[in-house]
Amino acid sequence: MIGCLLPRDPYWLKSNQATPLIAGLAVAAAAYAGRYGIQAWQAFKARPPTARMRKFYEGGFQSVMTRREAALILGVRESTPTDKVKEAHRRVMVANHPDAGGSHYLASKINEAKEVMLRRTKGSSSAF
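Residues numbered from 1 in each chain as written. Predicted model: local features only at pLDDT ≥ 70, side-chain atom pairs only at ≥ 80, totals over all residues. Heavy atoms only, no water.

A. Looking closely at the overall build of the protein chain. Of the regular secondary structure elements, the protein chain holds five helices and zero strands. When the helices and strands of the protein chain are listed from N to C terminus, the series reads α-α-α-α-α. Taking contacts inside the protein chain between residues at least 6 apart in sequence as the whole, the part at least 24 apart equals 46%. Summed over all atoms, the accessible surface of the protein chain reaches about 10,400 Å², with 60% contributed by carbon and sulfur. (Helix = DSSP H or I, 4+ residues; strand = E, 2+ residues; numbered from the N terminus. Contact = heavy atoms within 4.5 Å. Areas by Shrake-Rupley, 256 points an atom, 1.4 Å probe, with all protein chains shown as cover.)

B. Seen up close, the pattern of salt bridges. Overall, the coordinates contain one salt bridge when judged by the stated rule. We note a salt bridge from Glu112 to Lys109, for which the minimum N-O separation is 3.6 Å. Placement of the pair is Glu112 and Lys109 together in helix H5 (residues 104-117), with a separation of three residues, close to one helical turn. Owing to a relative accessible area of 1%, Glu112 belongs among the buried residues under this scheme. (Salt bridge = Lys/Arg side-chain N within 4 Å of Asp/Glu carboxyl O. Buried < 20%, exposed > 50% of the residue type's maximum accessible area, 1.4 Å probe, protein only.)

C. Expanded view of the side chain of Ser108. Along the chain, Ser108 turns up in helix H5. Side-chain polar atoms of Ser108 contact the backbone oxygen of Tyr105, separated by 2.7 Å. (Polar contact = N/O pair within 3.5 Å; in protein donor to acceptor, adjacent residues only side chain to side chain.)

D. Just the side chain of Thr80, in detail. Mapped onto the secondary structure, Thr80 falls in the loop between helix H3 (67-74) and helix H4 (82-96). Judged by its relative accessible area of 18%, Thr80 is buried. Polar contacts involving the side chain of Thr80 include one to the main-chain carbonyl oxygen of Arg77, which spans 2.6 Å.

E. Just the packing of H3 against H5, in detail. Packing of H3 against H5 brings their axes to within 9 Å, and their N-to-C directions diverge by 125°. When the axes of H3 and H5 are compared, the pair comes out oblique. When you trace H3 past H5, the crossing you get is left-handed. For the pair H3 and H5, contact is made by Arg67, Ala70, Ala71, Ile73 and Leu74 and by Lys109, Ile110, Ala113, Lys114, Val116 and Met117, respectively. In terms of residue class, the contact of H3 with H5 is built from eight nonpolar, no polar and three charged. (Axes fitted to C-alpha atoms, helices over the stretch in contact; angles between N-to-C directions. Parallel < 35°, antiparallel > 145°, perpendicular 65-115°, else oblique. Left-handed = near helix turned anticlockwise from the far one by under 90°. Nonpolar A, V, L, I, M, F, W, Y, C, P; charged D, E, K, R; others polar.)

In structure tokens:
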């Protein structure tokens, strides 16, 4: 009775033979992907650490402040408009004010940078 229900050359038998092949290819692909992922992770961990914050000017102050140095202190460009210079001065001064634990020397340099950027002075007017 069962024999008469099954065709002579069953098509499903061929697809069942292909199932292990497909499963084997899937396992191999997963192994290669895992290997690639592990190598990529190791390369990522081995790279040198980078600064996540923006890099600041590392040099000391010049004897006479230039526009370039003033722009570096305030964190603006040399061609920045007056209102942006005042805003940058306020932002930097709030972070470095002597009343809030900042240095008097840095506060005087920040004020001098503002004066240079606003072209109020030609030379150094710092008391330090």
